[in-house]
Structures are given as structure tokens and as C-alpha cells.
Amino acid sequence: MTSASGEDLSIGVAWRATMMANSSRDPYWQASVRRETIDHPRAAHEIEDECSTCHMPMSHTAARAAGTPASVFAHLPQAARPGAAQPDALSRLAQDGVSCTLCHQITPGNFGSPGSFSGGFTIDTKTPAEARPLFGPFTPDPALQKVMHSATGFRQTEGAHVRQSELCATCHTLYTTARDRAGQAVGRFPEQVPFQEWQHSIYVESASCQTCHMPAIAGEAPIASVLGQPRAGARKHSFVGGNFFVLAMLNRFRDALGVEALPAELEQASASTLAHLEESTARLTIDRAASDGRQLTVDVSIANLSGHKLPTAYPSRRAWIRLIVRDGSGRTVFSSGALRPSGAIEGNANDEQPAAFEPHYREIRRGDQVQIYESILADGAGAITTSLISALRYAKDNRLLPKGFDKHTAHADIAVHGDARDDADFTSGGDRVRYAVDLAGASAPFTVEAALLFQPIGFRWADNLRGYPADEPSRFVRYFDAMSSQSAAPLATASATVR
């Protein structure tokens, strides 16, 4: 399908190069699930069942409809192997990740309720497939309904609810069951709650998830390749997000991971993700840069342009300020937040020691202090962890707040944790940090370069998988090590000169 200007609008082509389509092939997800089953062996079946709900939703739903628990590793590996038997029906469903027929069958009955979260979407599996509706935003043509029914077996039905954020929230709001080493449930943890963050912002009145993550098509465009009628208000199914790193990983290791999207499609998806991050997520401003001859003072402001915390959702994501000062000869006088080739942040305590982490800073005076916007998880005993099944509370959460987000009235599930809670400069829409740099006799003019960098999978989250005796963690660590120097990207930059 193409637009009037010739742009390819094919929904299936756009979808197959997304993280949604590759949710079950994601090597980091596979490694993380394996790690959790090793850490909690007595709850391994429950963990596979829970994790497959949203990453292998079609096979999960089919298994549940048949009255059996769902699995993950029974459907792996997904790459074709010489001499191996053809995958069974459930494994074929597992390969497609979050598919068209999954999302468009979801009914709106429990939308927005706690029961809809953590994969609590409802699909009418009792109605025979040939009579089951497939929901879309437009009023279907009766004649074309027959065409679609004969081709797919589903009945095309208008359902405005597919445009609601509540649809996305069924999987992108995740409360995990926290377990102890014996596998016993010990609590419930809000692992990712971007929907609730959005509800507590000004964007709840003006933009949905689909507004930003499904780009609008200008003018009228067909929505089907067979007799597709031009429609106004159609959206691309590119599901642009922030994980440029795993998209590139899927492309680089495509044969081993059984990836079906073409190389050029994944390259385009990764490039679009980087463009989205740079254009739509944050703004960095150097408000003031001044020297008294002994000290350089730099005030940096960060504005969150997104409709949720930045970063949001899966807690491996982090953003941080990289700031460097050079003197008149080009010599580095001060440096904070440099990315090492390993993917670690120079000076970050958590990357150096798993049990430590950087506090939220109001003022930075040394190069081993880094302002990192992140969530740090702790288990029931207070130990820092990257295990989602062990996590029971947040030890730190200073992820940048969206506009309208009042940290003093926020629900406990989306609360700010740590010193950012009492920092008057950490507020709705962003943060301001002061850098006080000892010039130690260096000569003007001074050049200040600042950037807000973003990493979808932080070093600690990858490194903590090292040493697990299983294929999936070993493979992911190998992939991460091969690509770690490209694991971060700038969201915003600014510079200033002080004479």
C-alpha cells in the first residue's frame, strides 16, 4: 500500500520490524526470563506463564483457552535448524510476538481497571473464530467485510476503543509477583506503569499512546491492499519507541534469532527510533555559564517532552547528563558522565559495584558524580537487584517527570523516590542541575558541552546476566559486549562558551 506521494504504508511491513513483532525474539527478554527461572526454580512454570502473557500473547491465549499453562522455552529456539522438526502450532504463534489479530481482538469491557493490567486483556475465545469480530477504528464497508472474512476468517467490526491508551495499558502496565528464593509470593511490584504516569500528567487531556507511538498519515490513505478505500485519520503501525539498541541487535544477529524482517526494514526502524528520540523526547538548555576565575558555574536544565516519565517502563532504561569543560587550549578541565566502550558510565557507582548507586544530585562538583535519571530496584531485604521477580520496592526513582505531574500527590506506584522528592528544581516537566567546576588555574575561554544520553539497557542490567549457566543469558552478554559502545544515543545537546 502506498500514499498519494508514493510512501510505503504497508501495515505488515511496518509491523514486522518493530519490537512488538519481535517481542518473543528479543534476546534480552529471553535471557531475563531464563535468569528468573534459575533464581526462582520452584516458580519457574509460573514465571514462564506470566512472562509469555505479553511477549508471546497468541500462544499464551491459545494455551489458556485450551486449559493449559503457557510456556516460553518450549517454543525456543526460533531460528530454523538443519534436521529439526517443524515447529508445532503453538510455537508458530509464539514466533509472531504481539500480532495484528491479538490486539485487534481485544474487547474494551475491562479497560482501565486493575484487572486489565499485567496482560489482563480479554479476548472472546468462546465464540468460534469464524464469527469473532476483529476491531478497527473505521466503519467497514459491508461488501469488503465479506472479502476480509473470506481471507482471514474474522469479521471486520468498528471499535473506537482501539484508539484508546487503555488498550496499550493492558500489557504496558505490569505489576510483577515478587518472590523469595523459595519461590513464595511475598508481594506485588509496579514494574512498569507508564499509563498511570500519563494519567497523572497534562497529556491525559490531549494525547493518547497512539498519538505519539503510531505516527499519523497525512491526508487520506488506504488501509487494506485489496480494494482499500482511502481513509482520513489512518496511522502507521511502526510503533516507534526508544529501543534502538535491540532493534540493531536483532538485525546484526538475525540468523541466530530467527528474525523475519528484512535488514533494510530493521535499519529503517532503528533509524526512525533514533530520530524520534532526538526530536520528541527531551530538551537540554545551558541556562547560565559563568566564571569568577577560580570556579566555573554551569546551570543545566532538562525538559521532558514525553507524556510519561523519561525514561519510562522497563527499568533497565536510563538517561544521564554528559558534561565536559575544555580550556582555551582544548584540554579537558572537567568531565562527568562519559560512556565507556563497555557500556558503563564513568563514575557511576552502580556500574562499578552492583550494591551501590548514584544519588540524585542538586549540584555536581566532581567528575565521579553523575546525574542519572533512573529507577533502582531493591528486594525485600533492601538489597539492590536487577531481578524483576525479586524486586519489591524502589530504592531510587528520579526519572524525569512529564508536564503536569505533581510528585506530592502522585500515587505510591508512580512516586518519586530518593532526594529528587525534596529537590525544588526537580519538578513537573524536568530538572535543573548546577555544576561547580574547580578551574585549578586553567585559562579562558572555556567551552562547555552538555548532552542528555539514553541507554535502553544499562550496563548493570546486562552485566548481572554474566555467569548464568544457560544459553540465553550467555548469548545476550556476548551480543551486548559486541555492541556495547553503540548502546547509548543523545536525546538533546547544548554548548556554551565562557570568556
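In this text the structure is predicted, and so the values were computed from the model without any measurement. (Residues numbered from 1 in each chain as written. Predicted model: local features only at pLDDT ≥ 70, side-chain atom pairs only at ≥ 80, totals over all residues. Heavy atoms only, no water.)

Asks: Can you tell me about the sheet that holds strand β16 (residues 430–438), naming the residues and giving the values?
Replies: Spatial ordering of the open sheet is given by β7-β8-β16-β11, a layout of four strands whose pairing is mixed. The sheet is open, and its two edges are formed by β7 (282–291) and β11 (363–364), each paired on a single side. As paired strands, strand β8 (residues 295–304) and β16 are joined by nine bridges and run antiparallel to one another. Paired with A303 across the bridge in β16 is G430. (Pairing = 2+ DSSP bridges. Helix = DSSP H or I, 4+ residues; strand = E, 2+ residues; numbered from the N terminus.)

Asks: Mind laying out the packing of aromatic side chains, listing which residues take part and the relevant values?
Replies: Scanning the entire structure with this criterion turns up ten aromatic pairs. The interplanar angle of 5° and the centroid separation of 3.7 Å between the aromatic rings of F253 and Y479 together place this pair among those described as stacked. With F253 in the loop between α11 (244–252) and α12 (254–257) and Y479 in helix α16 (residues 471–483), this pair connects stretches of sequence that are 226 residues apart. Given the relative accessible area of 4%, Y479 is considered buried. Here a set of aromatic residues connected by ring pairs shows up, and it is made of Y28, F245, Y314, W461, F476 and F480. Taking NZ or CZ as reference, R34 lies 3.6 Å from the ring centre of F73, over its face. (Phe/Tyr/Trp six-rings, centres within 6.5 Å; stacked < 30°, edge-to-face > 60°. Buried < 20%, exposed > 50% of the residue type's maximum accessible area, 1.4 Å probe, protein only. Lys NZ or Arg CZ within 6 Å of the ring centre and 35° of its normal.)

Asks: Explain the nonpolar core to me, using residue names and the numbers behind them.
Replies: Ranked by size, the top nonpolar core spans 79 residues in total, and within it L296, I321, L323, Y435, L452, I457 and F476 carry the most contacts. Here the element with the most residues in this core is α11; it accounts for six residues. If near-sequence neighbours (up to four positions away) are discounted, L323 is found in contact with V298, V300, F334, S335, S336, Y435, V448, E449 and A450. V33, I47, V72 and A94 belong to the second largest nonpolar core, which has eleven residues in total. (Core = buried A, V, L, I, M, F, W, Y, C linked by side-chain atoms within 4.5 Å. Contact = heavy atoms within 4.5 Å.)

Asks: Any chance you could break down empty space enclosed by the protein for me, citing the residues and the numbers?
Replies: Going through the model one piece at a time under the given rule, you end up with two cavities of 30 Å³ or more. Each pocket or cavity is described by its volume, and for the largest cavity that value is around 60 Å³. Taken together, Y28, S32, R35, E36, Y314, T386, L388, W461 and L465 make up the lining of the largest cavity. Among the residues forming the lining of the largest cavity, the class breakdown is five nonpolar, two polar and two charged. (1 Å grid on protein atoms, 1.4 Å probe; cavity = no way out; pocket = protein on both sides within 12 Å on 5 of 7 lines; lining within 4 Å. Points joined across faces, edges and corners; volume = space filled by probe spheres on them. Nonpolar A, V, L, I, M, F, W, Y, C, P; charged D, E, K, R; others polar.)

Asks: I'd like a description of the state of the cysteines, backed by residues and values.
Replies: Within this structure, the stated rule accounts for one disulfide. Of all cysteine sulfurs, the one in C103 lies closest to C100, which takes part in no disulfide; the gap is 8.3 Å. Left without a disulfide partner, C212 is nearest to the cysteine sulfur of C209, which lies 8.6 Å away. The partly exposed category is assigned to C212, whose relative accessible area is 41%. (Disulfide = S-S within 2.5 Å.)

Asks: Describe unusual backbone geometry, naming the residues involved and giving the relevant values.
Replies: Cis geometry marks the peptide bond from L310 to P311; its omega dihedral reads -10°. In this fold, P311 is placed in the loop between β8 and β9 (318–326). For the peptide bond that leads from A444 to P445, omega is 0°, which places it in the cis range. Take P445: it is sitting in the loop between β16 and β17 (446–455). One non-glycine residue, S118, lies in the positive phi region at around 55°. Topologically, S118 is positioned in the loop between α6 (100–103) and β1 (133–136). In the Ramachandran plot, A440 falls in the positive-phi region, its phi being about 45° despite a non-glycine side chain. By secondary structure assignment, the location of A440 is in the loop between β16 and β17.

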